[in-house]
Amino acid sequence: MNFKNMSIKKSLIVGFGTTILVSVAIIITSLIMMNSQKKAYSDILEHYVETNTLVADCRIDYNIAARGLRDVALSGNVDGLTTVNSKLTELESVMAQMQDTYPKDLSSRSQLDAFVNTLNTWKEEAKTIAEVVKTDRNRAATMIVDECTPALNAAADAGTALAEFLKGEQDKIIAQQNLTSNIGLGVIIGVMVIATFVVLMMATKIIRSITEPSTQVRGALVGFSQGNLAVPVTFTGKNELGEMCDALRTSQKVLNSVIKDISDTTGQMAKGNFDVELTATFPGDLAPIQQSVNQFVLRMSETIANISQSADQVTAGAEQVSNSAQALAQGATQQASSVEELSATITDISENAKQTSAVAEQAGEHVNEAGGQLNMSMEHVKQLNTAMENISNSSQEIGKIIATIENIAFQTNILALNAAVEAARAGSAGKGFAVVADEVRNLATKSDEAAKATKDLIDSSISAVTEGTEAVSKVTDALSRTTESAGQVTTMMDTVVSAVESQTQAIMQVTEGIDQISAVVQTNSATSEECAAASEELSSQANIMHQLMAEFKVSSKISGGFGSSSFGTSSYSAPSPSYSSSSSSWDDSEDEGGYSGVDSSPFSSIKY
């Protein structure tokens, strides 16, 4: 069987399937043998062993019955016949079971029939003796010796013969089963040995069909990781591993071709030749590499061409920079005079701002004093409010005292009445005491009226104090709001003072800035002269750059490039700078770099 042309799945199915089938066959054979042995041993236990057990039970039952019958004949106690009859009944039951459990596979039942017949003969003799012993013990004893004992001995011999016969047949069956087991075990061992050999052979072939290509593929992949694409892969086959090896060999060929093409192309680029292109076949995910490299060559060609054109334009621009520097010097002189006038104006503004700041500080101080006076007034009003509360509390206490006086006047009046009553009872002896009681009552009445009048006055005072307290509370609230307003005014004045101070400082900074601008304008004239000299140096450097660019060869696909024609003359024209006096700056918004003639579109797509 050729496993090289068989799929891995099918190879594994064949290998494991063969092993499983052999294992299942061995297991089924073992189960059949075990079932056969189980059946044989179950038959031995259920029939042979059980029959022998029943024979022993019969011998026990008839021996017990015979001994009981003998005891009854010797003693004359007929009560023992109950045991004898019970054992005879058990004997009949055991004999029936023995006939049912006797092995069916035995063709001869002569030994069983002989044992059963002797037992029946003895049983009939025993029943007859049991009837005779009730009336004649001597005759019964004679019958036991002459008839029962010989029958009993015959039954014992027949039972022994039956047991030995069954034992012999049982041994034969066991010997046959042992022989069968040994033969089956030998067959199973032989099958296992053969099956193991076959499985090992198949496993060896399957392992070789998998490990051989896997080893080669592993070596090739390790070589890939180390940059070696020349590791040989010689395995061939029609399964998955063979296809994998074919794909790996194809990958090696493709990568070698791609690497060689890239190496040749980059070598030409290193020599300055950009008129090259990748021509090898880049399959699949390698195609973007080919496109990227070819696009890079085109972009580099465009870049070199544009750099060369820019060198020409820089030369022309240097001349215009020199002319612009002269115009810049003239503008700087005009700027200097304007800046001096602006500096004087700013100085006047700064002085006015200082005076305003001083006035604002004085106003803030007055506001702070007014706030302090309001706070003192607030404290006095709070003291007045406290005094009014104390007066109200005192009035309430006086009211309580007046109530006590009214109570005393009322009780005095009652005492005066009681005194008048007692004086009336005393007759002429109590007339003087009656006069005194009457005076006391008059005094009590007047005291009560005075207390009521005083109470009314105190209630009026309490009402007035209450109204005064409410008025003081309103004044307190009004002063509190006034104090808060004064505090807000103070805060605002502080803010105004801070703002004026900040404006003063800002104006001072503007003054300093104007002075600095004046100094800068003075230096612009000298700087313009230096710019003229720098433009001449820039022109010489542009010529050097032009010579360097001539060493490169760009792609012939670049339209208008210098790979197919000379650089030519530049058509560059620089914009004229203009000075705006309103903005005090040079207007060069026409182009960020000041040069609108340079085509910067090729550079915008290049990413570094």
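Predicted model, so just to flag it, every value in this text is computed and none were measured. (Residues numbered from 1 in each chain as written. Predicted model: local features only at pLDDT ≥ 70, side-chain atom pairs only at ≥ 80, totals over all residues. Heavy atoms only, no water.)

### As for the overall build of the protein
Now for step 1: Assigned secondary structure in the protein consists of 8 helices and 2 strands.
Now for step 2: The secondary structure elements of the protein, listed N-terminal to C-terminal, are α-α-α-α-α-α-α-β-β-α.
Now for step 3: Across the 608 residues of the protein, 29% fall into the buried class.
Now for step 4: If you take every contact in the protein between residues at least 6 apart in sequence, the share linking residues at least 24 apart comes to 77%.
Now for step 5: For the protein, the accessible area works out to roughly 37400 Å², and carbon and sulfur atoms hold 57% of it. (Helix = DSSP H or I, 4+ residues; strand = E, 2+ residues; numbered from the N terminus. Buried < 20%, exposed > 50% of the residue type's maximum accessible area, 1.4 Å probe, protein only. Contact = heavy atoms within 4.5 Å. Areas by Shrake-Rupley, 256 points an atom, 1.4 Å probe, with all protein chains shown as cover.)

### Let's talk about the packing of helix H3 (residues 110-132) against helix H4 (residues 137-225)
Now for step 1: Interaxial distance between H3 and H4 falls to 8 Å at its minimum, and their mutual angle equals 160°. With respect to their mutual orientation, H3 and H4 come out roughly antiparallel. Here H3 and H4 pass one another in a crossing that is left-handed.
Now for step 2: Classifying every residue of the contact of H3 with H4 gives 19 nonpolar, 4 polar and 3 charged. (Axes fitted to C-alpha atoms, helices over the stretch in contact; angles between N-to-C directions. Parallel < 35°, antiparallel > 145°, perpendicular 65-115°, else oblique. Left-handed = near helix turned anticlockwise from the far one by under 90°. Nonpolar A, V, L, I, M, F, W, Y, C, P; charged D, E, K, R; others polar.)

### Details of the pattern of salt bridges
Now for step 1: A complete count under the given rule lists 7 salt bridges for this structure.
Now for step 2: Linking aspartate 71 and arginine 70 is a salt bridge whose minimum nitrogen-to-oxygen distance equals 3.9 Å.
Now for step 3: For aspartate 71, a relative accessible area of 37% translates into the label partly exposed.
Now for step 4: Take arginine 70: its relative accessible area is 41%, and that puts it in the partly exposed class.
Now for step 5: With its nearest N and O atoms 3.8 Å apart, the salt bridge here joins lysine 172 to glutamate 169. Taken as a pair, lysine 172 and glutamate 169 lie in helix H4 at a separation of 3 residues, close to a single helical turn. (Salt bridge = Lys/Arg side-chain N within 4 Å of Asp/Glu carboxyl O.)

### Comments concerning the nonpolar core
Now for step 1: With 41 residues, the main nonpolar core has Cys58, Leu69, Met98, Phe115, Trp122 and Leu162 as its most contacted residues.
Now for step 2: Secondary structure elements with two or more residues in this core: helix H1 (8-75), helix H2 (81-101), H3 and H4.
Now for step 3: Leaving out residues up to four positions away in the same chain, methionine 98 has contacts with Thr51, Leu54, Val55, Cys58, Leu112, Phe115, Val116 and Leu162.
Now for step 4: The next biggest cluster of nonpolar side chains, apart from the first, holds 8 residues, and it includes Val217, Val231, Cys245 and Leu248. (Core = buried A, V, L, I, M, F, W, Y, C linked by side-chain atoms within 4.5 Å.)

### Side note on the packing of aromatic side chains
Now for step 1: A full pass over the atoms with the stated rule returns 1 aromatic pair.
Now for step 2: Judged by centre distance (6.0 Å) and plane angle (55°), the rings of tyrosine 62 and tryptophan 122 are tilted. Placement of the pair is tyrosine 62 in helix H1 and tryptophan 122 in helix H3, with a sequence separation of 60 residues. The burial state of tyrosine 62 is the same as that of tryptophan 122; both residues are buried. (Phe/Tyr/Trp six-rings, centres within 6.5 Å; stacked < 30°, edge-to-face > 60°.)

### Considering the side chain of lysine 123
Now for step 1: By the secondary structure assignment, lysine 123 is in helix H3.
Now for step 2: The exposure class assigned to lysine 123 is buried, which follows from its relative accessible area of 9%.
Now for step 3: Here glutamate 92 takes part through its side chain, which lies 3.2 Å from a polar atom of the side chain of lysine 123.
Now for step 4: Setting aside chain neighbours within four positions, we find lysine 123 in contact with Leu88 and Glu92. (Polar contact = N/O pair within 3.5 Å; in protein donor to acceptor, adjacent residues only side chain to side chain.)

### Some points on a nonpolar patch on the surface
Now for step 1: Together, Leu12, Phe16, Ile20, Val24, Ile28 and Ile32 line one region of the surface with nonpolar side chains, adding up to about 560 Å² of accessible area.
Now for step 2: Tracing the backbone through its elements, the reader meets isoleucine 32 in helix H1. (Patch = residues over 30% accessible without salt bridge, like charges linked within 9 Å, V, L, I, M, F, W, Y side chains within 5 Å.)

### Remarks on the confidence of the model for the protein
Now for step 1: When the pLDDT values of the protein are averaged, the result is 74; 83% of them are 70 or greater.
Now for step 2: A low-confidence stretch, residues 561-608 stays under pLDDT 50, and its non-local contacts, those more than four residues away or across chains, total 61 contacts. (pLDDT = per-residue confidence, 0-100.)

### Concerning the side chain of threonine 101
Now for step 1: With respect to the secondary-structure elements, threonine 101 resides in helix H2.
Now for step 2: Overall, the relative accessible area of 17% leaves threonine 101 in the buried class.
Now for step 3: At 3.4 Å, the side chain of threonine 101 and the backbone oxygen of methionine 98 are in polar contact.
Now for step 4: Among residues more than four places away in sequence, those in contact with threonine 101 are Glu46, His47, Glu50, Thr51 and Leu54.

### A few points about the packing of H4 against helix H5 (residues 240-270)
Now for step 1: Two numbers describe how H4 lies on H5: the axes approach to 10 Å, and their chain directions differ by 20°. Judged by the angle between their axes, H4 and H5 are roughly parallel. Helix-helix and strand crossings are classified by hand; for H4 and H5 the assignment is left-handed. The residues of H5 that touch H4, namely those facing Ser209, Ile210, Pro213, Ser214, Val217, Ala220, Leu221 and Phe224, are Leu241, Met244, Cys245, Leu248, Gln252 and Leu255.
Now for step 2: A class-by-class count of the residues in the contact of H4 with H5 yields 11 nonpolar, 3 polar and no charged.

### Here we look at H5
Now for step 1: For H5, which comprises 31 residues, the first-to-last C-alpha distance of 44 Å matches the rise-based estimate of 45 Å (1.5 Å per residue) to within 8%.
Now for step 2: Among the residues making up H5, those that are buried are Leu241, Gly242, Cys245, Leu248, Arg249, Gln252, Val258, Asp261, Thr265 and Met269.
Now for step 3: Looking one or two places after H5, you find glycine 272, whose phi comes out positive at around 95°. (Expected span 1.5 Å × (residues − 1).)

### Observations concerning the environment of threonine 495
Now for step 1: Along the chain, the position of threonine 495 falls in helix H7 (residues 431-549).
Now for step 2: Separated by 135 residues in sequence, threonine 495 and alanine 360 place their C-alpha atoms 10.0 Å apart.

### Some thoughts on the environment of isoleucine 289
Now for step 1: Along the polypeptide, isoleucine 289 turns up in helix H6 (residues 287-426).
Now for step 2: Spatially, the C-alpha atoms of isoleucine 289 and valine 258 are 9.8 Å apart, while their sequence positions differ by 31 residues.
Now for step 3: Residues in contact with isoleucine 289, not counting those within four places in the same chain, are Ile262, Leu278 and Phe282.

### What to know about a negative patch on the surface
Now for step 1: Together, Glu361, Glu365, Glu369 and Glu501 line one region of the surface with negative charge.
Now for step 2: Examining the composition of the negative patch, we find that 3 residues originate from one element, H6, more than from any other.
Now for step 3: Using a relative accessible area of 32% as the deciding quantity, one classes glutamate 501 as partly exposed. (Lys, Arg positive; Asp, Glu negative; His and termini not counted. Charge placed at Lys NZ, Arg CZ, Asp CG, Glu CD.)

### Quick notes on H3
Now for step 1: With 23 residues, H3 should cover 33 Å at 1.5 Å per step; its first-to-last C-alpha distance of 33 Å lies within 8% of that length.
Now for step 2: Burial in H3 covers these residues: Leu112, Phe115, Val116, Thr118, Leu119, Trp122, Lys123, Ala126, Ile129, Ala130 and Val132.

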